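Per-entry structural report
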Amino acid sequence: MRHIAVIGSGPAGYYTAEAAIKHWGDDVRVDVFDRLPVPYGLIRTGVAPDHQTIKAVSGRYEKTALTENVRFVGNISIGKDISVDELRGLYDAVVVATGAPHDRKLGIDGEEQTGVYGSAAFVGWYNSHPQFRNLDPDLSSDTAVVIGMGNVALDVSRILSKTEAEFEGSDIAAHALDILKGSNISRIVLLGRRGPHQIMMTPKELSELMKLDRASPHVDNADLPPEGDDAMLEPGLRKSVNHLRSFAAIPAHIHADKAIEIEFDFFASPKAILGDGNKVTGIEVERTEVKTGRAVGTGETYTIPCGLVVTCIGYHTANIPGVPFDERLGRFANDEGRILTGLYCVGWARRGPSGTIGTNKPDGFAIVEKVAEDMEAGLLGNGSKKGRPGFDELAAARGLDIVTFRDWKKIEEAEASAARDGAPREKFADIEAMIRAAQ
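In short, a report on the structure. (Residues numbered from 1 in each chain as written. Predicted model: local features only at pLDDT ≥ 70, side-chain atom pairs only at ≥ 80, totals over all residues. Heavy atoms only, no water.)

Once that is clear, we can look at the overall build of the chain. On a plain count of helices and strands, the chain comes out with 16 helices and 19 strands. For 439 residues, the compact-globule estimate of 2.2 N^0.38 gives 22 Å, and the C-alpha radius of gyration of the chain, at 23 Å, lies within 12% of that figure. Dimensions of the chain, computed from C-alpha atoms along their principal axes, come out at roughly 70 × 50 × 40 Å. For the chain, the proportion of contacts with a sequence separation of at least 24, taken over those separated by at least 6, is 74%. Of the roughly 18700 Å² of accessible surface on the chain, a fraction of 49% belongs to carbon and sulfur atoms. (Helix = DSSP H or I, 4+ residues; strand = E, 2+ residues; numbered from the N terminus. Rg over C-alpha atoms; globule rule 2.2 N^0.38 Å. Contact = heavy atoms within 4.5 Å. Areas by Shrake-Rupley, 256 points an atom, 1.4 Å probe, with all protein chains shown as cover.)

With that settled, consider the packing of helix α6 (residues 119-126) against helix α7 (residues 151-161). Their axes nearest at 11 Å, the elements α6 and α7 cross at an angle of 45°. By the angle between their axes, α6 is oblique relative to α7. Crossing of α6 against α7: the hand is left-handed. Contacts between α6 and α7 involve Ser119, Phe122, Val123 and Tyr126 from the first element and Val152, Asp155, Val156, Ile159 and Leu160 from the second. Per-class residue counts for the contact of α6 with α7 are seven nonpolar, one polar and one charged. (Axes fitted to C-alpha atoms, helices over the stretch in contact; angles between N-to-C directions. Parallel < 35°, antiparallel > 145°, perpendicular 65-115°, else oblique. Left-handed = near helix turned anticlockwise from the far one by under 90°. Nonpolar A, V, L, I, M, F, W, Y, C, P; charged D, E, K, R; others polar.)

Pairs may arise between side chains of opposite charge once their charged atoms sit close together. A full pass over the atoms with the stated rule returns 33 salt bridges. Here aspartate 430 makes a salt bridge to arginine 133, at a shortest N to O gap of 3.3 Å. Taken together, the residues span a long stretch of sequence, with aspartate 430 in the loop between α15 (405-417) and α16 (431-438) and arginine 133 in the loop between α6 and β7 (143-147) at a distance of 297 residues. We classify aspartate 430 as partly exposed; its relative accessible area is 25%. On the basis of relative accessibility, which here comes to 31%, the residue arginine 133 falls in the partly exposed class. The shortest N-O distance in the salt bridge between lysine 386 and glutamate 393 comes to 3.8 Å. Judged by relative accessible area, lysine 386 falls into the exposed class, the value being 53%. In this structure, a network of salt bridges that share partners links the residues Asp50, Asp155, Arg158, Lys162 and Glu208. (Salt bridge = Lys/Arg side-chain N within 4 Å of Asp/Glu carboxyl O. Buried < 20%, exposed > 50% of the residue type's maximum accessible area, 1.4 Å probe, protein only.)

Let us now look at the side chain of serine 157. Of note, serine 157 is situated in helix α7. Here the side chain of serine 157 touches alanine 153 through a polar contact of 2.9 Å, landing on its backbone oxygen. When residues no more than four places from it in sequence are discounted, the contact partners of serine 157 are Val146, Ile188, Leu190 and Ile262. (Polar contact = N/O pair within 3.5 Å; in protein donor to acceptor, adjacent residues only side chain to side chain.)

All chains considered together, the criterion is met by 14 aromatic pairs. Ring geometry for phenylalanine 122 versus tyrosine 126: centroids 5.9 Å apart, planes at 90°, classification edge-to-face. Of this pair, phenylalanine 122 and tyrosine 126 both sit in helix α6, four residues apart, roughly one helical turn. The exposure class of tyrosine 126 is buried, given its relative accessible area of 0%. Ring geometry for tyrosine 315 versus tryptophan 348: centroids 6.0 Å apart, planes at 20°, classification stacked. In this pair, tyrosine 315 sits in strand β15 (residues 315-316) while tryptophan 348 sits in helix α12 (residues 348-351), placing the two residues 33 residues apart along the sequence. Summarising the burial analysis for this pair, tyrosine 315 and tryptophan 348 share the class buried. One aromatic cluster is present, formed by Tyr14, Tyr15, Tyr40, Tyr61 and Trp408 through successive ring pairs. (Phe/Tyr/Trp six-rings, centres within 6.5 Å; stacked < 30°, edge-to-face > 60°.)

Tracing the backbone through its elements, the reader meets valine 189 in strand β8 (residues 187-191). Considering only alpha carbons, one finds valine 189 and serine 157, 32 residues apart in sequence, at a separation of 8.6 Å.

Space inside the second largest pocket adds up to approximately 270 Å³. For the second largest pocket, the lining is made up of 13 residues, of which Lys105, Glu111, Val116, Tyr117 and Gly118 are closest to its centre. If you tally residues by element for the lining of the second largest pocket, the top one is strand β6 (residues 116-118), at three residues. Residues of the lining of the second largest pocket, tallied by class, amount to three nonpolar, five polar and five charged. (1 Å grid on protein atoms, 1.4 Å probe; cavity = no way out; pocket = protein on both sides within 12 Å on 5 of 7 lines; lining within 4 Å. Points joined across faces, edges and corners; volume = space filled by probe spheres on them.)

Moving on, we come to unusual backbone geometry. Of note in this structure, tyrosine 40 is not a glycine but carries a positive phi near 90°. Position of tyrosine 40 among the secondary structure elements: in the loop between β2 (28-33) and α2 (42-45). You will see that aspartate 136, though not glycine, has its phi angle at about 50°, which is positive.

In sheet architecture, strand pairing relies on hydrogen bonds along the backbone and comes in two forms, parallel and antiparallel. An order of β6-β14-β7-β8-β10-β9 is seen for the six strands of this open sheet, with the pairing classed as parallel. Edge positions in the sheet fall to β6 and β9 (215-219), since each has one partner strand and no second. Adjacent strand axes in the sheet meet at a mean angle of 20° when their direction is disregarded. Pairing of β7 with strand β14 (residues 308-311) involves four bridges; the strand directions are parallel. By the bridge assignment, isoleucine 147 is partnered in β14 with threonine 311. Along the sheet, α6 contacts β6 and β14; its crossing angle with β6, the most-contacted strand, is approximately 85°. Each of β7, β8, β9, β10 (260-265) and β14 is contacted by α7, which is oriented at about 180° to β8, the strand it contacts most. (Pairing = 2+ DSSP bridges.)

Remember, this is a structural readout, not a statement about activity or role.
Shown next as structure tokens:
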């Protein structure tokens, strides 16, 4: 019997477990560890709460999780409850699939001001992540600045813009909805260092801005390149730029009828975040120009007064004691997924924060192929390790409180029962409450 430990229960983790089952069938046991008592990682706490069709992919992971060969081991912190070296001693292979849960820093003065949040924290707040449930952002000012030109920046802007009625069918956290209902924000500035041809926003997400009840997107025609230049773009980006052109064509009276304006500010690089000693009051921005694909400062600066800044500029992987880490790239040091003998990484933990949820499927299958190659070469335990029974002995000796997938289904049932009208669930934002529901 082969024994594999997967650290992380998000898409990369469950695609790896699925691949292992397809490769070895009944001759493998996979334990999927997570520090939270609930599975699915960013599907649960990263995907926007009003994108329920995307969250539905968790049904595929549940099918894998319910097989006899796979076990969810929740509420276990790797590096604290058990070390990676101990896991390597128990399992033939250990695969790190922890994603990239930490925000990249801007690296500018004033970044630590109150009212400045990274997207992992801000998105985690409205998605009921226990770590960020007490974020309590102040939305009393009229202007918010969202830094970044990707889909996460669009998610944050859309969530800040929606009416309470528009959240029907979503699983946005009740504590977040209460604060959003009292928001005074009437202007959201999307700040991007480069121009329209360099955005990372996809057409579907951009199109949603045209469907908001009380908000309208605004693009300055002067920021758009000649329309003929769009022919050189790949089809998806060309569709996205077409949306920007349609935003620029929205008549002034339409904007006037909307309570909130979502303003795209291209060729703009944040230089410093300003504050009054207590909280953010504005952001200093330098005008840029794009040269050979890079944003270059022009020396011209201006200030945007604001009371909220959310940075959506990317993520980096969390360091784990005993696992070599590449600080420059923000991921584990690896050679095509191999870290050390018997230790692997997959998904964002391997390649950094790039690609979509679906990108993790071929990644998971590829890493299982590498594990199989190393097993066939005699480099791994090849079934000689204790695996799951060995971990259970250690957990019992240390008094670790494991949450299984069956326990998670009780948590899920309790969340569904607690849902407000029109919502699929009310997610627990407190670990102790999750444990109580599981018991």
